Amino acid sequence: MSRPLKIMLVAAEASGDALGAGLAKALRARLGDDLSLVGIGGPRMAAEGITSPFDIADLSIHGWLEGLKAYGLVKQRVADTTELATRERPDAVVLIDSWGFTIRVAEALRPLMPHVPLIKYVGPQVWASRPGRAKTLAAAVDHLLALYAFDAPWFEREGLPTTVVGSQALHVDMSGADPAAFRTARGIAPDAPLLLVLPGSRPSEIRLMTPVYAEAVARLKASMPALQVAVVVAGTVAASVREQVMDWPVEAHLVEEDDKYAAMKAATVALATSGTVSTELALAGAPMIIAYRFQPLSYAIMRPFFTGKYATLFNHAADEEIAPEYIQKDATPDKLFTAVKRLLSNPSARAEQSRRQTAALDLMGREGRDPSEIAAEAVLGVIATRLAA
């Protein structure tokens with residue numbers, strides 16, 4: 001080509017922003033000045049030179065009811081994204097995670113840019129719910145970059161070419177994370193029990209889960225006075241988490257993103273909202289309790305479509321509940337108090353759960369090349385094939 005290759009990356013929430021930044025860096029390492037990147041993303045993609053025309057924070061939506069409430073905004077942002085694509089005329093568009101938003105972008109772009117390859121990075125978890133989405137995705141995009149080997153057959157059966165790239169969460173470098181320094185900096189004794197709370201990265205998760213955790217933590221502290229508590233504040237919802245934790249009856253150490261992995265390695269037990277963070281906690285060796293709540297009406301609508309046995313990826317890979325899960329009506333302060341206290345009080349149970357979590361990560365493909373490198377290679381391969389045609 002006589003001009004730099006132009007690739008558009010689209011991410012609509014924090015996890016996708018991280019994936020987009022990794023892909024951008026890997027593409028830049030391969031092509032250098034022969035690459036132009038445009039798109040939609042957050043601060044991490046911005047650091048890689050991708051300036052988003054709008055803030056993606058409001059698009060971090062989970063649940064059908066929440067999606068209905070935000071429909072007008074989502075529709076406008078789809079139009080904004082489509083306008084950017086038609087103006088920039090990229091050689092390929094990579095749509096990262098965020099099923100509800102990116103499938104709408106794909107369906108809007110297809111008739112406008114029929115010769116531009118559309119690549120989906122992270123498919124919907126059809127093994128867990130609504131398997132019909134595999135067929136919908138196959139009709140909307142040209143290629144899928146899947147995170148896990150167990151994802152691929154669902155989409156390949158629908159005729160969608162799929163490359164398994166692996167999960168970046170399985171390749172997090174925690175070598176620089178110092179749990180002893182983390183404790184020392186906060187005045188936490190080396191032998192003090194430390195509970196790490198990870199309330200989530202979406203506004204709805206913070207709103208629904210943080211009050212539940214507050215009550216459970218208060219009961220744990222009353223039962224175990226020596227207990228220390230730390231709370232991770234994820235970038236896009238940091239202000240909301242800080243505001244809520246300030247009102248807790250228990251003093252908690254606030255943990256910024258930069259210290260997250262040290263906190264995970266320092267934790268005795270973690271109490272986490274279901275998501276990618278469960279994989280990171282397992283890598284750090286932290287035994288955990290997983291919880292999640294949807295808005296009641298959203299859950300009532302969605303419940304019939306849930307087909308998977310587990311919400312946590314390594315539980316799914318192992319086909320057993322290694323990390324205990326408390327979903328919806330089971331995610332109560334009382335049940336979380338009991339589950340967390342059992343682990344805090346039983347060193348052998350913690351060691352056994354940590355061992356089983358690590359074994360499950362091996363089933364998910366913990367070893368192997370960096371996923372961003374594989375994803376970049378696949379994206380460039382799809383573009384090369386389309387240009388040759």
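The structure under discussion appears in the preceding block.
Everything in this summary refers to the structure shown in the same document. Please read all numbers here as calculations on a predicted model, not as lab measurements.

The rules behind the values
Residues numbered from 1 in each chain as written. Predicted model: local features only at pLDDT ≥ 70, side-chain atom pairs only at ≥ 80, totals over all residues. Heavy atoms only, no water. Core = buried A, V, L, I, M, F, W, Y, C linked by side-chain atoms within 4.5 Å. Buried < 20%, exposed > 50% of the residue type's maximum accessible area, 1.4 Å probe, protein only. Helix = DSSP H or I, 4+ residues; strand = E, 2+ residues; numbered from the N terminus. Contact = heavy atoms within 4.5 Å. Expected span 1.5 Å × (residues − 1). Axes fitted to C-alpha atoms, helices over the stretch in contact; angles between N-to-C directions. Parallel < 35°, antiparallel > 145°, perpendicular 65-115°, else oblique. Left-handed = near helix turned anticlockwise from the far one by under 90°. Nonpolar A, V, L, I, M, F, W, Y, C, P; charged D, E, K, R; others polar. Pairing = 2+ DSSP bridges. Right-handed = clockwise from strand over helix to strand, strands pointing away.

Moving on, we get to the nonpolar core. Ile7, Tyr121, Leu196 and Leu281 are the most contacted members of the largest nonpolar core, which has 67 residues in total. For this core, the leading source of residues is helix H17 (residues 371-388), giving 8 residues. Those residues in contact with Leu281 that lie beyond four places of it in its chain are Leu196, Leu198, Met264, Ala270, Ala272, Ala286 and Met288. Among the nonpolar cores identified, the runner-up in size contains 36 residues, and Tyr213, Ala214, Met224 and Tyr326 belong to it.

Relative to the assigned elements, Val233 resides in the loop between strand E8 (228-232) and helix H10 (238-245). You can call Val233 buried: its relative accessible area is 1%. For the pair Val233 and Asp151, spaced 82 residues apart in the sequence, the C-alpha separation amounts to 30 Å.

With 12 residues, helix H15 (residues 333-344) extends 16 Å from end C-alpha to end C-alpha; this agrees with the ideal 16 Å at 1.5 Å per step. Regarding H15, the residues found buried are Pro333, Leu336, Phe337, Ala339, Val340, Leu343 and Leu344. Check the buried side of H15 and you find it contacts strand E7 (194-198), helix H9 (203-223), strand E10 (269-273), strand E11 (288-292), strand E12 (325-327) and helix H16 (347-363).

On to the packing of helix H4 (residues 71-88) against helix H5 (residues 99-112). Two numbers describe how H4 lies on H5: the axes approach to 9 Å, and their chain directions differ by 45 degrees. The angle between the axes of H4 and H5 places the two elements in the oblique class. In this structure, the crossing between H4 and H5 has a hand that is right-handed. Contacts between H4 and H5 involve Val74, Arg77, Val78, Thr81, Thr82, Ala85 and Thr86 from the former and Phe101, Arg104, Val105, Ala108, Leu109 and Leu112 from the latter. Within the contact of H4 with H5, the residues separate by chemical class into 8 nonpolar, 3 polar and 2 charged.

The next subject is the side chain of Gln328. Take Gln328: it is sitting in the loop between E12 and H15. With relative accessibility at 11%, the residue Gln328 sits in the buried group. When neighbours within four sequence positions are excluded, Gln328 is seen to be in contact with Tyr292, Arg293, Phe294, Gln295, Pro296 and Tyr299.

This brings us to the pairing of E10. The element E10 is extensively covered by neighbouring structure, given that 5 of its 5 residues are classed as buried. The alternating pattern of E10 places Val269, Leu271 and Thr273 and Ala270 and Ala272 on opposite faces, both of which are buried. Alignment of E7 against E10, held across 4 bridges, turns out to be parallel. Within the sheet, the bridge partner assigned to Leu198 lies in E10 and is Ala272. In this sheet, E11 lies alongside E10 in parallel orientation, the contact comprising 4 bridges. Of the residues in E11, the one forming a bridge with Ala272 is Ile290. In terms of handedness, the path from E10 via helix H12 (residues 277-284) over to E11 forms a crossover that is right-handed.

It is worth spelling out the packing of H9 against H10 at this point. Running from N to C, H9 and H10 cross one another at 25 degrees; their axes reach a closest spacing of 11 Å. As summarised for this structure, H9 and H10 are arranged roughly parallel, according to the angle between their axes. The handedness of the crossing between H9 and H10 is right-handed. For the pair H9 and H10, contact is made by Ile206, Arg207, Thr210 and Pro211 and by Ser240, Val241 and Gln244, respectively.

Taking strand neighbours across the sheet as the criterion, the 6 strands line up as E2-E1-E3-E4-E5-E6 in an open arrangement whose pairing is parallel. Every interior strand has two partners, whereas the edge strands, strand E2 (35-40) and strand E6 (162-164), have only one. Ignoring which end each strand starts from, the neighbouring axes of this sheet average 20 degrees apart. Note that strand E1 (residues 5-11) and strand E3 (residues 92-96) share 5 bridges and pair parallel. When the bridges of E3 are listed, Ala11 appears paired with Ile96. Contacting E1, E3 and strand E4 (118-121), H5 runs over the sheet at an angle of about 160 degrees to E3. Contacting E1, E3, E4, strand E5 (143-146) and E6, H17 crosses the sheet at an angle of about 125 degrees to E1.

This part covers H12. Side chains three or four residues apart in an α-helix point the same way, a direct result of the helix having 3.6 residues per turn. Within H12, 7 of the 8 residues are buried, which leaves the element mostly enclosed by the surrounding structure. Within the sequence span of H12, burial applies to Val277, Ser278, Thr279, Glu280, Leu281, Ala282 and Ala284. At its buried positions, H12 is contacted by E7, helix H11 (260-266), E10, E11, helix H14 (313-318) and H16. Gly285 sits one or two positions beyond H12 and adopts a positive phi of about 85 degrees.

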